[in-house]
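Structure assessment
Below are the chains, spelled out letter by letter.
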Amino acid sequence: MSERDIEMTVNGTAHRSTVEPRLTLADFLRERCGLTGTHLGCEHGVCGACTVLLDGDAVRSCLVFAVQAAGRQVTTVEGLSAPDGGLSPVQEAFRDHHGLQCGFCTPGFVVSVTAFLREHPDPTDAQIREGLSGNLCRCTGYQGIIAAVRAAAATD
Amino acid sequence: MKPTAFDYHAPSTAAEAVSLLAEHGGAAKPLAGGQSLVPMLALRLTSFDHLVDLGGVDELRGVDRRDGSLRIGAMTTQAAVEQSPEIAAAAPLLTRATPLIGHFQTRNRGTIGGSIAHADPAAEYPAVVLVLDAELEVISPAGVRSVPVAEFFTGLWSTAVAEDELLTAVTIPLWTGRTGFAIEEFARRHGDFAIAGAAVALEIDDDDRVRRCRLGLLGLGSAPERATEAESALAGAFVADVDAEEVGRLAVTPLESVPSDLHGSADYRRRVGAEVVARAWRRASEEARGVRT
């Protein structure tokens, strides 16, 4: 099956590679770009751990093939922190409110919540719960995450 | 890499896409938003030698209001449907159904055409277009044809779209006058496929009699379907005389292939189904009675 040469911009840097069409964007980011902040949990679109921004929209990178992202802008969790490596307001809020424990799901939550707060800068609790429903966390019981989203909304 | 290997095609026109489908026959599959197809490929429940990605076919996106109808391009994302003021005004049931589909991250990729062509019996859009009397526009190398929605869904994950055809648009006739629309479903977690759901589209006359009523069921059979016996019972009825619980019972009684699985037995789904039909009927009829012409 024919491979393709693709180029995309990831966190502001151009990445070029030759890929099989079946390579997912998630695997491209982890294996070709060395950006292992994007985690793979279920690999079929359920858990949300692999969420990235594609041209600014939150998407599951396990359900996008790398060839489909050619020529587009991708932002991973590594691209959300400040240039000096400082935490983003969402990351700070997760740290302050026990929004994580083992940390496996955290990149997906942080990327999703960043996109969610851009659309809903002053969310209700119901909106927060609905907005978080596409990401699974097996440690926290979600209450700390909900508190972190409330806090991040208040600081923005 | 979890899917089997395939060749990737990225046409820029619908004509190019269908010629690729015709060339490769059953070995090719159109890729819309990929929110159902890619998981199936990843789990190797299915595989294709060729994927024809419709993401670059701009002519398949967009919303267009014409005389008496609303035409929505198949590749219009669910997120775009959710935010479209034209759709909210002309087909509010579609707007109300959209937040029930998956999560905002999947709605950014998932499309209206992909959802309808995938034809999952528990999905929202198939039931919605069924009750709105939509027409599905399908093209092949031979030309364009329009399929009435009543003939579109042919069984589990099956539609009237042939291997060399492509669903290009959904046309929804405008419902005017004293109308009411509702969709109700019950899912264990937000965004999960519903245990059972119901969509209602209703038009009543100035005396509060049912002029046209469509009841759609989701998650209650092997295909999206209408509760035609309950619809017949409602024809011409005074809305105030209708017993919503009875409508729910009539809707689920004739069902013969209610799924039974880990998430709920067939009997449980029937009971949930009757309740969501009753709730959707109440909401749609209240809305219709509130409209003064």
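Because the structure is a prediction, the values reported are computed rather than measured.

What counts and what doesn't
Residues numbered from 1 in each chain as written. Chains lettered and ligands numbered in written order. Predicted model: local features only at pLDDT ≥ 70, side-chain atom pairs only at ≥ 80, totals over all residues. Core = buried A, V, L, I, M, F, W, Y, C linked by C-beta atoms within 7 Å. Buried ≥ 20, exposed ≤ 12 C-beta atoms within 10 Å, placed from the backbone. Helix = DSSP H or I, 4+ residues; strand = E, 2+ residues; numbered from the N terminus. Contact = placed C-beta atoms within 7 Å. Domains from an automatic or database assignment. Nonpolar A, V, L, I, M, F, W, Y, C, P; charged D, E, K, R; others polar. Pairing = 2+ DSSP bridges. Axes fitted to C-alpha atoms, helices over the stretch in contact; angles between N-to-C directions.

Some details on the nonpolar core
Residues and elements named next belong to chain B. Leu93, Val128, Ala199, Val200, Ala251, Val277 and Ala280 are the most contacted members of the largest nonpolar core, which has 146 residues in total. At 9 residues, helix H11 (residues 266-290) tops the list of elements feeding residues into this core. Sequence-distant contacts of Val200, defined by excluding residues within four places in its chain, comprise Val131, Phe181, Ala182, Leu215, Ala280, Trp281 and Ala284.

Focus on the domain arrangement of chain B
All names here are of chain B. Here chain B is partitioned into domain 1 (7-53), domain 2 (59-173) and domain 3 (178-290). Contact residues are listed per partner, giving 21 residues for domain 2 and 21 residues for domain 3. Top contributing element to the side of domain 2 that touches domain 3 by residue count: helix H8 (residues 124-131), with 6 residues. For the side of domain 2 that touches domain 3, the per-class residue count stands at 16 nonpolar, 3 polar and 2 charged.

Examining the sheet that holds strand E10 (residues 166-173) of chain B
Residue and element names in this part refer to chain B. Judged by pairing direction, the sheet is antiparallel, and its 5 strands sit side by side in the order E4-E5-E10-E6-E7 without closing on themselves. The outermost strands of the open sheet, each flanked by one partner alone, are strand E4 (63-66) and strand E7 (143-148). The average undirected angle you get between the axes of adjacent strands in this sheet is 25°. Summarising the sheet, strand E6 (residues 135-140) and E7 pair through 6 bridges and their orientation is antiparallel.

Observations concerning the interface of chain B and chain A
Each partner contributes residues to the interface: chain B has 24 residues there, and chain A has 26 residues. Secondary structure elements with two or more residues in the side of chain B that touches chain A: strand E1 (7-9), helix H2 (37-42) and helix H6 (104-107) of chain B. When its residues are assigned to classes, the side of chain B that touches chain A shows 10 nonpolar, 9 polar and 5 charged.

As for the sheet that holds strand E4 (residues 57-60) of chain A
Residues and elements named next belong to chain A. Taken in spatial order, the 5 strands of this open sheet run E2-E1-E5-E3-E4, and their pairing is mixed. The two strands at the open ends of the sheet, each matched to only one other strand, are strand E2 (13-19) and E4. Within this sheet the neighbouring strands show an average axis-to-axis angle of 40°, counted without direction. Examined bridge by bridge, strand E1 (residues 4-10) and E2 share 7 bridges and lie antiparallel to one another. If you follow Ile6 over to E2, its bridge partner there is Ser17. This element, helix H1 (residues 25-32), spans E1, E2 and strand E3 (51-54) of the sheet and lies at about 110° to E2. In the packing of helix H3 (residues 106-119) onto the sheet, contacts are made with E3 and E4, and the angle to E3 comes to roughly 40°.

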